[in-house]
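What follows is the residue order along each chain.
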Amino acid sequence: PSARGPHAIEDDNEDKAPLLAVIDLTNRCNFGCPVCFAEASDSSVYFLELETVRRMLRALIERRPLPCRHVQFSGGEPTLHPQFLEIVRMAREMGFDHIQVATNGSLFANFDFARRCEDAGLHTLYLQFDGMDDDVYFKLRGQKLLDRKLRAVHNVTRTNMRLVLVPTIVPGVN
């Protein structure tokens, strides 16, 4: 029973903001993973325009009665968006409390890129990380990636950003 009476139906959405908004910045990716669900041919690749992303972020942060202050940039590989760092910076300046990216981590193998992401306001990486064996990566991603993944992990741990390792689990592979 609620304060409005024993038979009242609560509207659970009335006073709650979404916990996390996901914005797909692009469907482009620099990998061609056999297990990927987000396929894009060269003729169908898109990058959201900066003004479109700005309107989406504004709609979230100005949501009434409660704003959504957590955003994840996803895709394809969102770090390939030509204005990725500007988008992260824009989200921070608009007041988002938590900014994360779902990423294959390829660009984070470069420490300078990781540092620039931290400076722009990125908080957390949801890092595609399928295992500790290159055979796993070859079967799931079509290439040996363990060294690059470990460099990305190392570089991110040198910043104040957080890591969440996200595996794709395939029986008999990993």
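Residues numbered from 1 in each chain as written. Predicted model: local features only at pLDDT ≥ 70, side-chain atom pairs only at ≥ 80, totals over all residues. Heavy atoms only, no water.

Any chance you could explain the packing of helix H2 (residues 84-94) against helix H3 (residues 111-120) here in plain terms?
The relative placement of two packed helices is expressed as an angle between their axes plus a distance between the axes. Where H2 contacts H3, the two axes come as close as 8 Å, and the packing angle between them is 25 degrees. If you check the angle between H2 and H3, you find them roughly parallel. In this structure, H2 uses Phe84, Leu85, Val88, Arg89 and Arg92 to contact H3, whose residues at the interface are Phe113, Arg116, Cys117, Asp119 and Ala120. Partitioning the contact of H2 with H3 into residue classes produces six nonpolar, no polar and four charged. (Axes fitted to C-alpha atoms, helices over the stretch in contact; angles between N-to-C directions. Helix = DSSP H or I, 4+ residues; strand = E, 2+ residues; numbered from the N terminus. Parallel < 35°, antiparallel > 145°, perpendicular 65-115°, else oblique. Contact = heavy atoms within 4.5 Å. Nonpolar A, V, L, I, M, F, W, Y, C, P; charged D, E, K, R; others polar.)

Help me understand the pattern of salt bridges in this model?
Pairs can form between side chains of opposite charge once their charged atoms are near each other. Enumeration over the complete set of coordinates arrives at six salt bridges. For Glu51, the salt bridge goes to Arg54, with nearest N and O atoms at 3.0 Å. With Glu51 and Arg54 both in helix H1 (residues 50-61) and three residues apart, this pair spans about one turn of that helix. Put simply, Arg115 and Asp112 hold a salt bridge, and the shortest N to O gap is 2.4 Å. (Salt bridge = Lys/Arg side-chain N within 4 Å of Asp/Glu carboxyl O.)

Looking at this model, I keep getting lost on the sheet that holds strand E4 (residues 124-128). Mind explaining?
Sheets are built from strands paired through backbone hydrogen bonds, the pairs being either parallel or antiparallel. The five strands lie next to each other as E1-E2-E3-E4-E5, forming an open sheet whose pairing is parallel. The outermost strands of the open sheet, each flanked by one partner alone, are strand E1 (21-26) and strand E5 (162-166). With strand direction ignored, the average angle separating the axes of adjacent strands in the sheet is 20 degrees. Here strand E3 (residues 98-103) runs beside E4; their pairing, made up of four bridges, is parallel. Note that in E4 the partner of Ala102 across the bridge is Tyr126. Here H2 sits on the sheet in contact with E1, strand E2 (70-75) and E3, set at roughly 165 degrees to E2. (Pairing = 2+ DSSP bridges.)

When you look at the environment of Ile87 in this model, what are you seeing that I'm missing?
Tracing the chain through its elements places Ile87 in helix H2. Judged by relative accessible area, which is 0%, Ile87 ranks as buried. Remark: the alpha-carbon pair of Ile87 and Arg54, spanning 33 residues in sequence, is separated by 8.0 Å. The contacts of Ile87, once residues within four sequence positions are left out, are Leu25, Leu50, Val53, Leu57, Phe73 and His81. (Buried < 20%, exposed > 50% of the residue type's maximum accessible area, 1.4 Å probe, protein only.)

Looking at this model, I keep getting lost on the nonpolar core. Mind explaining?
Note on soluble globular proteins: their nonpolar side chains tend to be buried together. By size, the foremost hydrophobic cluster in this structure holds 31 residues, and its most contacted members are Leu57, Phe73, Phe84, Phe108 and Leu122. Elements with a minimum of two residues in this core: E1, H1, E2, H2, E3, H3 and helix H5 (146-157). Here the element with the most residues in this core is H2; it accounts for six residues. Setting aside residues no more than four positions away along its own chain, Phe84 makes contact with Leu25, Phe73, Pro78, Thr79, Val101, Phe113 and Cys117. If you look at the next biggest cluster of nonpolar residues, it comprises seven residues, including Phe31, Cys33, Leu145 and Leu146. (Core = buried A, V, L, I, M, F, W, Y, C linked by side-chain atoms within 4.5 Å.)

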